[in-house]
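Descriptive structure summary
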Amino acid sequence: MADIILGIESSCDDTSAAVISDGYLLSNVLASQDVHKAYGGVIPELASRAHQINIVPVVSEAIVRAGITPEDITAIAFTRGPGLLGSLLVGTSFAKALALSLGKPLVEVNHLQGHILAGFVKQKDQENRVPQFPYLCLLVSGGNSQIVKVNSPLDFEILGQTIDDAVGEAFDKCSKMMGLGYPGGPIVDRLAAQGDPNRFKFNKPHIPGLDYSFSGIKTSLLYFVRDQMQKDPQFMEKNKEDICASFQKTLIDILMDKLLKAVKMTGITEIAIGGGVSANSGLRNRIVEEGRKRGWNTYLPAFKFTTDNAAMIAIAGYYHYLNGERTSLDVAPVSRMAEMQK
Ligand code: KG4
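Along each chain, residues carry numbers from 1 onward, in the same order as the chain's sequence is written. In view of the model being predicted, local features appear only for residues whose pLDDT reaches at least 70, and side-chain atom pairs are presented and counted only at 80 or more, with totals across whole chains, interfaces and linings using the full set of residues. In computing side-chain properties, one takes all heavy atoms of the structure into account and sets aside hydrogens as well as water.

What follows deals with the sheet that holds strand E4 (residues 75-81). Being paired, for any two strands, means DSSP has found at least two bridges between them. Put simply, DSSP H or I for four residues or longer makes a helix, DSSP E for two residues or longer makes a strand, and each gets a number counted from the N terminus. Spatially, five strands are ordered E3-E2-E1-E4-E5 in an open sheet, and the strand pairing comes out mixed. Of all strands in the sheet, those with a lone pairing partner are strand E3 (24-32) and strand E5 (106-110), marking the two edges. Averaged over all pairs of adjacent strands, the angle between strand axes in this sheet comes to 20°, irrespective of strand direction. Here four bridges tie strand E1 (residues 4-9) to E4, and the two strands are oriented parallel to one another. Bridged to Leu6 within E4 is Ile76. What counts as an axis is a line fitted to C-alpha atoms, over the stretch in contact for a helix, and the angles between N-to-C directions run from 0 to 180 degrees.

So this is what it looks like as structure tokens:
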């Protein structure tokens, strides 16, 4: 009999539920929350309330679209953390209640592990290429920027990570600062495609080892735009494509410098990317281009698996389930990575 996993994701501002059967995707339903757009960032309390409204219809729809009944589910996987505590509480409580009422096992998942394993969700009639272990994953999202050595689906080593802002945060905050809108990543990406990436230069950080820093470039962009606007109030409007292209190129350069260093240090040339920022067209092109030049095998996730989604939680839960791991019904969500045991 197939192992059917229901995945539930509610760590930030997307409510999502997905069903996979022996690793193959049957359904993936996502309700995004537009309520935050007016504020230019996620408001935690509003996110929790929207999750409460969305969770029942989203999970029901995932089960219906998968063509299964709740009784067919083998185990329920849910995001325990890291993320916004109130948001996580909705998904965690719902998963616990469902597991209890159906008499099914519960499996907790680390959200970041979900992003890393997103590429392992198999889809019918597709190539389903996956990296060989060990591989390096550049994990880039709104909350994290990490280089992770993935030894097996359940064994990871973080080789480097941001010491301040995440790269997605840099995209979002700078877009907001420039009055371009939220979320910033897709907006900057779109404008950058029409601009000259070499027109403006922004300072890059000098952080030892494989760690990242993205807060300095934010300040660098802020001062640059402010100074130029004092000279010409139309500067932003006239140059936004070139500013976005130059800014995005700097962020990608920073990411790639450390990734190249990690490849040199480990000798690993199986390279994957994951997380919301892995949707960025500039980054995707650059990874493929460097891979071709340097003989790496590169793996880019399908767009629908880049930002938060429950399919990645279901696949990570599937590996934990196969490993015999079960989560007790008295589990509580955790907001920080350090509090996760796995
Ligand atoms: O993985 P995700 O959905 O949430 C977290 O777990 O953090 O990532 C959201 C981040 C946001 O910062 C958003 O601006 C960024 O991913 N993002 C992008 C693009 N699409 C989403 N950043 C750059 N280019 C994109 N096309």
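The strand order E8-E7-E6-E9-E10 describes an open sheet built from five strands, whose pairing is mixed. Of all strands in the sheet, those with a lone pairing partner are strand E8 (155-161) and strand E10 (297-299), marking the two edges. Each strand of the sheet is rotated relative to its neighbour by a mean of 25°, with strand direction disregarded. Pairing geometry for strand E6 (residues 135-140) and strand E7 (residues 145-152), over six bridges, is antiparallel. Following the sheet pairing, Tyr135 is matched in E7 by Val150. Its contacts with the sheet place helix H7 (residues 235-266) against E6, E7, E8 and strand E9 (270-274), and it is angled at close to 160° to E6. Any two residues having at least one pair of non-hydrogen atoms within 4.5 Å are treated as being in contact.

All right, on to helix H9 (residues 310-322) then. The span expected for a helix works out to 1.5 Å for each residue beyond the first. Along its 13 residues, H9 runs 18 Å from first to last C-alpha, staying within 8% of the 18 Å computed at 1.5 Å per residue. Type-normalised accessible area, obtained with a 1.4 Å probe on protein chains alone, sets the label of each residue: buried when under 20%, exposed when over 50%, and partly exposed for intermediate values. Most of H9 sits out of view: eleven of its 13 residues are buried. Looking at H9, one finds that the buried residues are Ala310, Ala311, Met312, Ile313, Ala314, Ile315, Ala316, Gly317, Tyr318, His320 and Tyr321. Packed against the buried residues of H9 are E1, strand E2 (14-21), E3, E4, E5 and helix H3 (111-117). Under the rule applied, a polar contact is a pair of N or O atoms within 3.5 Å (in protein, one hydrogen donor and one hydrogen acceptor; residues adjacent in sequence only if both atoms are side-chain atoms). The distance from a side-chain oxygen at the start of H9 to the backbone nitrogen of Ala311 is 3.1 Å, and the residue carrying that oxygen is Asn309. Taken from the residues just after H9, Gly324 is the one with a positive phi, measuring 85°.

As a further point, take the environment of Gly114. Turning to its location among the elements, Gly114 is positioned in helix H3. By relative accessible area, Gly114 is classed as buried at 0%. Between the C-alpha atom of Gly114 and that of Glu9, which follows or precedes it by 105 residues, the distance is 9.7 Å. Gly114 has contacts with Val109, Met312, Ile313 and Ala316, leaving out every residue within four places of it along the chain.

Attention now moves to the packing of aromatic side chains. Working definition: rings of Phe, Tyr and Trp (its six-membered ring) pair if their centres are within 6.5 Å, and the pair is stacked with planes under 30 degrees apart, edge-to-face with planes over 60 apart, and tilted otherwise. Under the definition given, this model contains twelve aromatic pairs. With centroids separated by 5.7 Å and ring planes inclined at 10°, the aromatic side chains of Phe120 and Phe133 adopt a geometry described as stacked. You can see Phe120 sitting in the loop between H3 and E6 and its partner Phe133 sitting in the loop between H3 and E6, a full 13 residues away along the chain. On the basis of relative accessible area, Phe120 is assigned to the buried category, the value being 8%. Each member of the aromatic cluster is reached from another via a ring pair, and the members are Phe171, Phe200, Phe202, Phe224, Phe235 and Phe247.

The immediate surroundings of the ligand are formed by 19 residues, with Gly142, Asp172, Asp189, Gly276 and Asn280 found nearest. Between the ligand and the protein, one listed contact pairs an oxygen atom with a side-chain N or O atom of His111 at 3.2 Å. In the environment of the ligand, an oxygen atom lies 3.4 Å from a nitrogen or oxygen atom belonging to the side chain of Ser141. Only the protein chains shown count as cover for residues, and all accessible areas are computed by the Shrake-Rupley method using a 1.4 Å probe. Considering the ligand on its own, with 550 Å² of exposed area, one finds that the protein chains cover 87% of that surface. Residues are sorted three ways: Asp, Glu, Lys and Arg are charged, Ala, Val, Leu, Ile, Met, Phe, Trp, Tyr, Cys and Pro are nonpolar, and all the rest, Gly among them, are polar. Here the residues of the shell around the ligand sort into five nonpolar, eleven polar and three charged. We call a residue near a given molecule or strand whenever any one of its heavy atoms falls within 4 Å of it.

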